[in-house]
Amino acid sequence: MESLNNSFRKLPQYPNKVIQFGEGNFLRAFIDWQIQQMNKQGLFKGGVQVVQPLPTGRVKELDAQDDLYTVLLEGILDGKKVQSHEIIESINGTVNPYTEYDKYMALAEDDNIEVIFSNTTEAGIAFDENDTLDKIKQGEKSSYPAKLTALLYHRFELGKKGFHIIPCELINHNGDALKKTILQYADLWNLGEDFVNWINNDNEFYSTLVDRIVPGYPRDRAKDLEAEWGYKDQNMVKTEPFLIFVIEGNKDIEKVLPLKEAGINLVVTDDMQPYRNRKVSILNGPHTTMSPIGRLAGLETVGQVMADRDFYRFIDDEMHKEIIPVVPLPKDELESYAKGIQERFENPYVKHQLSALALNSISKYRARLLPNYKRYYEKYGKLPKRMTLALAAYLWIYNGKSEFDINDTADIVAGFEKIKGTDDYIHAALSNPDFWGKDLTKIPGLEDLVTKYYNEIGNKGTRQIVQEINAEE
Ligand SMILES: NC(=O)c1ccc[n+]([C@@H]2O[C@H](COP(=O)([O-])OP(=O)(O)OC[C@H]3O[C@@H](n4cnc5c(N)ncnc54)[C@H](O)[C@@H]3O)[C@@H](O)[C@H]2O)c1
Ligand SMILES: O=P(O)(O)OC[C@@H](O)[C@@H](O)[C@H](O)[C@H](O)CO
């Protein structure tokens, strides 16, 4: 069987219009998939040059297939089953900036290129004072913003127009963060006031919120899929059909990227914060609750939680009784988003591991549940039981009471090591502002309820507690 190659292309090879930092699963199933939808309808007529942000990566594998790969859409959308696949032809070529410096700089010289996308994970938008222009030229390791600054500086020196710069990293105000880091490099490297003015006036930075669950390479079924499709594809990527792309900034971006016209769920707004709050509260919040409670009851995936009568009810109640009433957004919008989330959690084609959700649990609890916990207490003068049980379950796991590994940042792990196994463990954990941003024992009744649930986890297990909470209201 032959691998994907140029003979599989059906669309014309369009000129480069986009630079994309990152060759990961998410961008290929999100940005490049959307560009394919525009190109198929003759709305964009542009291709992508993919820049590999780290010295090691997947651009060689992409090139081995002439940059073609398959996106597999599987899930339920608006109550209907979706199962389809498509060869994505959006990528024109790739650049490894560590070994192809001149080719990388040539991207700055291309007048057709208007847009820069990136997703370099939450760790990617970073400043390193040891980065220099010379190191980048020599192919030494440097941060993504350092490499981008080098590219922008070359473009500026050529007297060319700037770009629309649209980062997709899942950090709040990602556009502002990227711009700030570029300006830090401009200062560190003494690139001059004119360059700073060009960054500020000739380039448009956008903040975004991206949402699509992309499990990636379908390892368990890849061979069968290849046999069915009649070609080999080491870069296939599986995604759910749902997506939302929220861009904060100038509406003109809709003309540059006619995504709406292509039927894509794009929202251009002057304030993306409500969309972020909605997603973090209703999608990531219940993920953060179900992970410890479900795992302690022997469940392994989000799908299993949703298929389990006790746990489905518990998560449904958390969404509708503890979260939605306190998120400061219109209730009907939240309810309709929550309906979609349940469909997405129940996706029979996605096996989303509860253990994968557990990475960096403490900061996730703090960012995804605690704000609504506080709002709930302020609004009702009582404690949200389901979120409290999740907190007790995390304390149980972080005290080494389960067989689960702790995957958290070094400072959190060290903080728990100091108090693990002590008589005062629960109080010490809850009162440490390094974990939660504040002393949680100051919330009246919280310590008592966490202690009650913590002890019950040992005595009767999370399933029985879940059943009891379900029966209460
Ligand atoms: N997969 C999903 O369902 C999903 C959904 C929404 C958002 N996200 C987020 O998107 C990001 C990427 O996910 P993915 O599934 O594409 O992962 P992936 O492992 O397939 O790709 C990761 C990409 O990030 C780059 N990268 C990693 N660390 C970096 C660093 N320190 N500096 C610069 N670049 C770096 C890699 O080179 C690669 O291009 C993650 O942060 C994830 O939280 C993922
Ligand atoms: O990727 P994480 O570990 O930050 O969070 C786990 C999930 O909540 C997350 O991946 C969602 O599935 C994703 O944010 C959907 O867009």
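Nothing here was measured: the structure is a model prediction, and the numbers come from that model.

Student: Give me the overall build of the protein: which residues, what numbers.
Tutor: Counting secondary structure elements, the protein contains 22 helices and 12 strands. Against the globule reference of 23 Å for 473 residues, the protein gives a C-alpha radius of gyration of 24 Å, in line with a compact fold. Principal axes of the C-alpha set define a box for the protein whose edges measure 65 × 55 × 40 Å. In the protein, 75% of the contacts between residues at least 6 apart in sequence involve partners at least 24 apart.

Student: Which residues make up the site of ligand 1, and what values go with them?
Tutor: Looking at ligand 1, there are 18 residues lining it, with Glu-23, Phe-26, Arg-58, Glu-122 and Val-214 nearest. Between ligand 1 and the protein, one listed contact pairs a nitrogen atom with a backbone N or O atom of Thr-120 at 3.5 Å. With respect to ligand 1, the backbone of Arg-212 contributes an N or O atom lying 3.5 Å from an oxygen atom. Contact with the protein chains hides 73% of the accessible area of ligand 1, taken as 840 Å² for the molecule alone. Class assignment of the residues belonging to the shell around ligand 1 gives a composition of 7 nonpolar, 7 polar and 4 charged.

Student: So what's going on with the site of ligand 2? Residues and values would help.
Tutor: If you check the shell around ligand 2, you find Asp-211, Arg-212, Ile-213, Lys-279, Leu-283, Asn-284, His-287, His-352, Leu-357, Lys-364 and Arg-368 and nothing else. Between Asp-211 and ligand 2, the recorded distance is 2.8 Å, taken from a side-chain N or O atom to an oxygen atom. One of the backbone N or O atoms of Arg-212 is found 3.3 Å from an oxygen atom in ligand 2. When the free accessible area of ligand 2 is taken as 400 Å², the share hidden by the protein chains comes to 80%.

Student: Before we move on, can you summarise the UniProt feature "domain: Mannitol dehydrogenase C-terminal" (unreviewed entry) in the protein with the specific residues and values?
Tutor: As recorded in UniProt, the sites labelled "domain: Mannitol dehydrogenase C-terminal" (unreviewed entry) are residues 271-457. Within residues 271-457, the helical portion is 70% and the strand portion 0%, while the C-alpha atoms at the span's ends are 42 Å from each other.

Student: Let's hear about the packing of helix H11 (residues 273-296) against helix H17 (residues 385-398): which residues, and what values?
Tutor: Packing of H11 against H17 brings their axes to within 9 Å, and their N-to-C directions diverge by 60°. By the angle between their axes, H11 is oblique relative to H17. As for how H11 packs across H17, the hand of that crossing is left-handed. Only Arg-386, Leu-389, Ala-390, Ala-393, Tyr-394, Trp-396 and Ile-397 of H17 make contact with H11, whose side of the interface consists of Thr-288, Thr-289, Ser-291, Pro-292, Ile-293 and Leu-296. Split by residue class, the contact of H11 with H17 holds 9 nonpolar, 3 polar and 1 charged.

Parameters at a glance
- Residues numbered from 1 in each chain as written.
- Chains lettered and ligands numbered in written order.
- Predicted model: local features only at pLDDT ≥ 70, side-chain atom pairs only at ≥ 80, totals over all residues.
- Heavy atoms only, no water.
- Helix = DSSP H or I, 4+ residues; strand = E, 2+ residues; numbered from the N terminus.
- Rg over C-alpha atoms; globule rule 2.2 N^0.38 Å.
- Contact = heavy atoms within 4.5 Å.
- Near = heavy atom within 4 Å.
- Polar contact = N/O pair within 3.5 Å; in protein donor to acceptor, adjacent residues only side chain to side chain.
- Areas by Shrake-Rupley, 256 points an atom, 1.4 Å probe, with all protein chains shown as cover.
- Nonpolar A, V, L, I, M, F, W, Y, C, P; charged D, E, K, R; others polar.
- UniProt positions renumbered as here; feature names shortened; annotations may be inferred.
- Axes fitted to C-alpha atoms, helices over the stretch in contact; angles between N-to-C directions.
- Parallel < 35°, antiparallel > 145°, perpendicular 65-115°, else oblique.
- Left-handed = near helix turned anticlockwise from the far one by under 90°.

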